[in-house]
Amino acid sequence: MPSDQSTWLIAVPNDGEAEGLFQELHSKLSHLSKFTGLAQFEIPSFKTGTLDSLIALSEDIPKQDTFFTATVAKTVDTLRSLLNNDPAKLAQHILINEKGVDDYLLKGWKWDEGRYGVQKGLREIVDSLGKEMASIDNAMKAKLNNYNLVKGSLTQMQRKKMGNLSVRSLADVVSKDDFVQDSEYLETLLVAVPRALVKEWHSKYERLTSMVVPRSSTLISSDDEYSLFGVVIFRRVHDEFVQTCRENKFIVRDFVYSEEQLIKQREELDTADTTEKELWTELLRLSRTNFSESFQILVHLKVLRLFVESVLRYGLPANYIGLVVKPDPKATKKTFNVLQTHFTYLGPRSNRSTKGKKGEGQEFIGEYQSLMDQDFFDFVLFEVPWIVY
């Protein structure tokens, strides 16, 4: 039973009644109370190759399928993160050649002959798809890592500007006028005082140690939790003053005023902010492009996989009809049951005896018969998961 969170790609032998098959199936599915979509597409007539090569591909393609699906999913996750998980914005970027996923699959899907010519061997096409997807995955990793480094650096800088006056950066709080300048003996210390202890600070600070300049306490800034005061002391009592403040729950901030350093910090923040915005735009653009590319590559692999499994299942001639079925999640079982019932006639063909007169196709399936030890539906089905929903 396939998932209720996927679109199904199906292959069945083409007996020359493709149009009638589609109409009949569409009629049956349309009678369901809940049904989303059905479409027909052409499965190309690839070069079949040898039985051994088909079996090898049948074993290898699922691994590629897993990697391809994961790459598409990671690209969607990146877009979702960049767009703050906004479904409306995400829908504007989850497009394949400017079409939505459903339209791409259900409205005239065609094999891209220009990129993946069917005159090439199956293995060559699979390898080509794999190289393209690996290139997309590597490009996304490099760009995402670069963006995350800059974003992390910016976040760290911005975090320093957050919080209360006992912990946040004071670079944009103080000014040159708040400090004693160029004194060999005096220095200005910045002290964060809990709001509840402000009166106590005023009554105590001059006597916390010796050599505190009287009436030198100046309120610089306040927030909901702390008030920041500047106080002038003699350098020789610095350590003693800091310790006594700590004992009284006054927090001396470790801050040395430097005009050059403050300018440098502001420039670094501005640069990081600008770079982050630029990289965000680049990553968004790349993710949008790579989603379109990677989803197309994934679907092409699925269709090629349909072909390989169909040949192994039904034998030659390799002429198959492709169907896209998008079930309603609430009617998945009913939709699948309609398909099973409709294609029951294929049962004997996919598990037929090889006795009697053998044609080319029967010889082929006869060879493969001994290797088929797992259960199959009467039709070939692979799923395209709803990664984007």
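Scroll up to find the structure this text is about.
Every value quoted in this text rests on a predicted model; they were computed, and no experiment measured them. (Residues numbered from 1 in each chain as written. Predicted model: local features only at pLDDT ≥ 70, side-chain atom pairs only at ≥ 80, totals over all residues. Heavy atoms only, no water.)

Some remarks on the sheet that holds strand 7 (residues 320-326)
Rule in force here: Two strands form a pair only when DSSP identifies at least two bridges running between them. Put simply, DSSP H or I for four residues or longer makes a helix, DSSP E for two residues or longer makes a strand, and each gets a number counted from the N terminus. In this analysis an axis means a line fitted to C-alpha atoms, helices contributing only their contacting stretch, and an angle means the value between N-to-C directions, from 0 to 180 degrees. It only takes one pair of heavy atoms within 4.5 Å for two residues to be counted as in contact.
If you trace the four strands from one edge of the open sheet to the other, you get 2-7-1-8, paired in antiparallel fashion. Each end of this open sheet is capped by a strand with a single partner; those strands are strand 2 (37-42) and strand 8 (380-385). Neighbour-to-neighbour, the strand axes of this sheet turn through a mean angle of 25°, independent of strand direction. Sheet topology places strand 1 (residues 6-13) next to strand 7; six bridges connect them, and they run antiparallel. Residue pairing across strands places Ala 11 opposite Gly 322, the latter belonging to strand 7. Against the sheet, helix 8 (residues 259-314) engages strand 1, strand 2, strand 7 and strand 8, with an angle of about 165° to strand 8.

Some points on unusual backbone geometry
Following Leu 316, the chain continues into Pro 317 via a peptide bond in cis, with omega recorded as 0°. Here Pro 317 is to be found in the loop between helix 8 and strand 7. The backbone phi angle of Asn 84 is positive, close to 55°, even though this residue is not glycine. Among the structural elements, Asn 84 can be located in the loop between helix 2 (51-82) and helix 3 (87-93). Positioned with a positive phi, Lys 249 is a non-glycine residue whose angle comes to about 65°. Assignment of secondary structure puts Lys 249 in the loop between helix 7 (238-247) and strand 6 (251-253).

A few points about the pairing of strand 5 (residues 226-234)
Rule in force here: For every residue, the accessible area obtained with a 1.4 Å probe (protein chains only) is divided by the maximum for its type, and the residue is called buried under 20%, exposed over 50%, and partly exposed between those limits.
In terms of residue burial, strand 5 counts as a mostly covered element, since eight of its nine residues are buried. Direction of pairing for strand 3 (residues 186-194) relative to strand 5: antiparallel, over a ladder of nine bridges. If you follow Val 191 over to strand 5, its bridge partner there is Phe 229. Relative to strand 5, strand 4 (residues 218-222) is paired through four bridges, and the arrangement is antiparallel. Bridge pairing links Thr 218 to Gly 230 in strand 5.

Section: the pairing of strand 7
In terms of burial, strand 7 is largely enclosed, as seven of its seven residues are buried. Burial along strand 7 is two-sided: the residues Tyr 320, Gly 322, Val 324 and Lys 326 and Ile 321, Leu 323 and Val 325 are all buried. Here strand 2 pairs with strand 7 via six bridges, running antiparallel. Along strand 7, the bridge assignment pairs Glu 42 with Ile 321.

The analysis is restricted to geometry; functional conclusions fall outside its scope.
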